[in-house]
Amino acid sequence: MRVSNSLKNAAFGVILQAAIIILGLVSRKIFIGILGEEYLGLNGLFTNILSLLDIAELGVSTSIIYSLYTPLAHDDKPQIIKLMNFYKKSYRIIAGVIFALGISVLPFLEKIVGKTTFANDYIQTTYVLFLIMTVSSYFFSYKRSLVYADQKNYKLMHFDIFLKFLIFIVANISLYLFKNYMIYLFVTMMVSIFNNYVVAKYVDKLYPFLASNLKLEAKEIRPIISNIKNIFIHKVAGTIISSTDNIIISIFLGIVQVGIYSNYSMIVVSLQGLLNKVLNACQASIGNLLMLETTEKVEETLQNMTLLSFFLTSLCTVSLFCLTNDLITVWLGEKFLLGLPIVGVCAVNFFTSNIKNPLYQFVNVSGLFKEDRNNAIIGVVLNISFTLVFVKEYGLFGVFFGAFLASLITLVLKSCFFYKKFLHKSASYFLLSMATFFLILFIEMFLCEYLCGVVTFSNRAILFASKCLVCFLLPSLINYIVFHNTKEYQYLIGIAGSIVLKFTHRLNRKDRLHNPIF
């Protein structure tokens, strides 16, 4: 059941993310064509600022989802009701706190935005619209967490796909007709609120027993509050690491640079989202695994998922390094290009963030929030320190190189922590595997970039398709040669084989139903 639900979540997630990527590329082209890169920079900066304010969420969702694994595994409906009612109350309080924090930022916006042609009043009004859109989501989004914890993400995918198409159509029509950024934001906000409301009502139908008013007792709240206190540190660390890049770039390099980088960031985030839909689809199943299985089975699953992550992430990383500038040239034009060293360090940073995804999922659902908080603090201190040191000397390259170094050190610390505290053994084999993955990646990046430089066709479409083929075939071949004899590879092949058999069986069954013998 765990594998089946994970596969469903992954399949529907990939479909959703593919739609998001396609619509996002088209929308970005329309946005830049009508409003320009300065508006694009403002959009990216405000997104990061409000992501930073999300610290006020305190890690409540992570703590509640962790608390839901056990009652869901044992179908304990009263406890599920109590947790969801506590979650609802908490999120309404958090919405108020985020709004208050957001308003408190207004006096400092002019300095944060830096050099710009926008008037301060316009900047503040735009920011408030962003803030209202963020705060409104907290009144409905908490219900999604129950579906995720119950391993049924796929049941919400059709709503999300519909939302993306609706925003794409309505927002871009309004942008074309009015050429006004505020109207564009307002329309996007209203569509998002509508979608969250519809999803909340659908979740009520999936879990009709939630209508009860059961409440947690004080003794049941205490362990949740304790987890929240510890998760809060992780929340602060993760939010600062993911949300400060654009702020630092804006302050040190200007808002136009934020706009140029945001195009690359969009591609990276889109690919990251695609990988996360596959890998994060397993998170609730991991929670179930950690509750019910032995540490040997846990380690085996971690290693299997990490190899799968490497196969997928290495293909994406090589493609980012070799193909992104070609894509930007065709998509937006040469004036939006960044140098190859900057693209390279962004690609490696992307790889580091994704190869550690399975490990971080296991740590997150293990319940070791208190013990792991020092790693989170070290990670954020290293990230900010390295970034501020290198940005002054190396500009954009320095921002991403500093983030890479911090992420790499944190990966080592987190590996040692999980193996020692949960698996009760040395992490040496796991770290050796990680070092091997990085070495193979660098070889693949070098070889693919060389071969892509050798490939020449006068037709731009054929040239790009040829480079795509190189970036897919060469890493796949190298990965097969290196790993085909490992037990992790054999396990993944077994899973892939079972998927093909199930799919073939379903096709044959449908064929028999539509074409009976008698």
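Whatever comes next refers back to the structure up there.
From a predicted model like this one, the values you see are computed outputs, not experimental measurements.

A. Representation of the nonpolar core. Phe46, Ile49, Leu68, Tyr127, Tyr181, Phe400 and Phe418 are the most contacted members of the largest nonpolar core, which has 137 residues in total. If one sorts the elements of this core by residue count, helix H14 (residues 295–331) sits on top with 14 residues. Setting aside residues up to four positions removed in sequence, Phe46 forms contacts with Leu109, Val113, Ile123, Thr126, Tyr127 and Phe130. The next biggest cluster of nonpolar side chains, apart from the first, holds five residues, and it includes Val236, Ala237, Ile240 and Ala376.

B. Geometry of the environment of Leu368. Here Leu368 shows up in the loop between helix H16 (357–366) and helix H17 (369–394). Relative accessible area serves as the criterion here: at 13%, Leu368 is assigned to the buried category. Considering only alpha carbons, one finds Leu368 and Phe418, 50 residues apart in sequence, at a separation of 8.7 Å. Those residues within four positions of Leu368 in sequence are excluded, and the remaining contacts are Val363, Phe417, Lys421 and Phe422.

C. Looking closely at the pattern of salt bridges. Enumeration according to the criterion identifies five salt bridges in this entry. Note that Lys143 and Asp204 form a salt bridge whose closest N and O atoms lie 2.7 Å from each other. Of this pair, Lys143 sits in helix H7 (residues 142–149) while Asp204 is found in helix H9 (residues 181–206), placing the two residues 61 residues apart along the sequence. Salt-bridge contacts for Lys425 lead to Glu299; the nearest nitrogen and oxygen are separated by 2.9 Å. Of the two residues, Lys425 is situated in the loop between helix H18 (396–423) and helix H19 (428–454) and Glu299 in helix H14; the sequence distance between them amounts to 126 residues. Classification of Lys425 by relative accessible area gives partly exposed; the value is 42%. Given a relative accessible area of 12%, Glu299 falls into the buried group.

D. Layout of the layout of surface pockets. Reported here for the second largest pocket is a volume of approximately 570 Å³. Residue lining of the second largest pocket: 22 residues in total, with Ile21, Leu271, Leu274, Cys316 and Ser319 positioned closest to the centre. Mapped onto the lining of the second largest pocket, the elements with two or more residues apiece are helix H1 (2–35), helix H12 (255–279), H14 and helix H20 (460–483). A total of eight residues in the lining of the second largest pocket trace back to one element, the largest contributor, which is H14. By residue class, the composition of the lining of the second largest pocket is 19 nonpolar, three polar and no charged.

E. Spotlight on the environment of Gly33. Position of Gly33 relative to the elements: it lies in helix H1. Placed 299 residues apart in sequence, Gly33 and Leu332 show a C-alpha to C-alpha distance of 8.9 Å.

F. Up close: empty space enclosed by the protein. What the rule picks out here adds up to two cavities of 30 Å³ or more. Estimates place the volume of the second largest cavity at around 50 Å³. Surrounding the second largest cavity, Tyr264, Val268, Leu320, Thr324, Val343, Cys346 and Ala347 form its lining. Elements supplying a minimum of two residues to the lining of the second largest cavity: H12, H14 and helix H15 (340–355). The leading source of residues in the lining of the second largest cavity is H15, at three residues. Taken together, the residues of the lining of the second largest cavity break down into six nonpolar, one polar and no charged.

G. Seen up close, the packing of aromatic side chains. Overall, the coordinates contain 34 aromatic pairs when judged by the stated rule. Both rings, one in Phe397 and one in Phe401, keep their centres 5.8 Å apart while their planes meet at 10 degrees; by these two values the pair is stacked. Note that Phe397 and Phe401 are positioned in helix H18 at a spacing of four residues, about one turn of the helix. Among the residues examined, Phe401 registers a relative accessible area of 27% and is labelled partly exposed. By the ring-pair criterion, three or more aromatic residues cluster together here, those being Phe310, Phe311, Phe351, Phe437, Phe438, Phe442, Tyr480, Phe483 and Tyr489. Lys179 extends its terminal NZ or CZ atom over the ring of Tyr176, reaching a point 5.0 Å from the ring centre.

Quick notes on the rules
- Residues numbered from 1 in each chain as written.
- Predicted model: local features only at pLDDT ≥ 70, side-chain atom pairs only at ≥ 80, totals over all residues.
- Heavy atoms only, no water.
- Core = buried A, V, L, I, M, F, W, Y, C linked by side-chain atoms within 4.5 Å.
- Buried < 20%, exposed > 50% of the residue type's maximum accessible area, 1.4 Å probe, protein only.
- Helix = DSSP H or I, 4+ residues; strand = E, 2+ residues; numbered from the N terminus.
- Contact = heavy atoms within 4.5 Å.
- Salt bridge = Lys/Arg side-chain N within 4 Å of Asp/Glu carboxyl O.
- 1 Å grid on protein atoms, 1.4 Å probe; cavity = no way out; pocket = protein on both sides within 12 Å on 5 of 7 lines; lining within 4 Å.
- Points joined across faces, edges and corners; volume = space filled by probe spheres on them.
- Nonpolar A, V, L, I, M, F, W, Y, C, P; charged D, E, K, R; others polar.
- Phe/Tyr/Trp six-rings, centres within 6.5 Å; stacked < 30°, edge-to-face > 60°.
- Lys NZ or Arg CZ within 6 Å of the ring centre and 35° of its normal.

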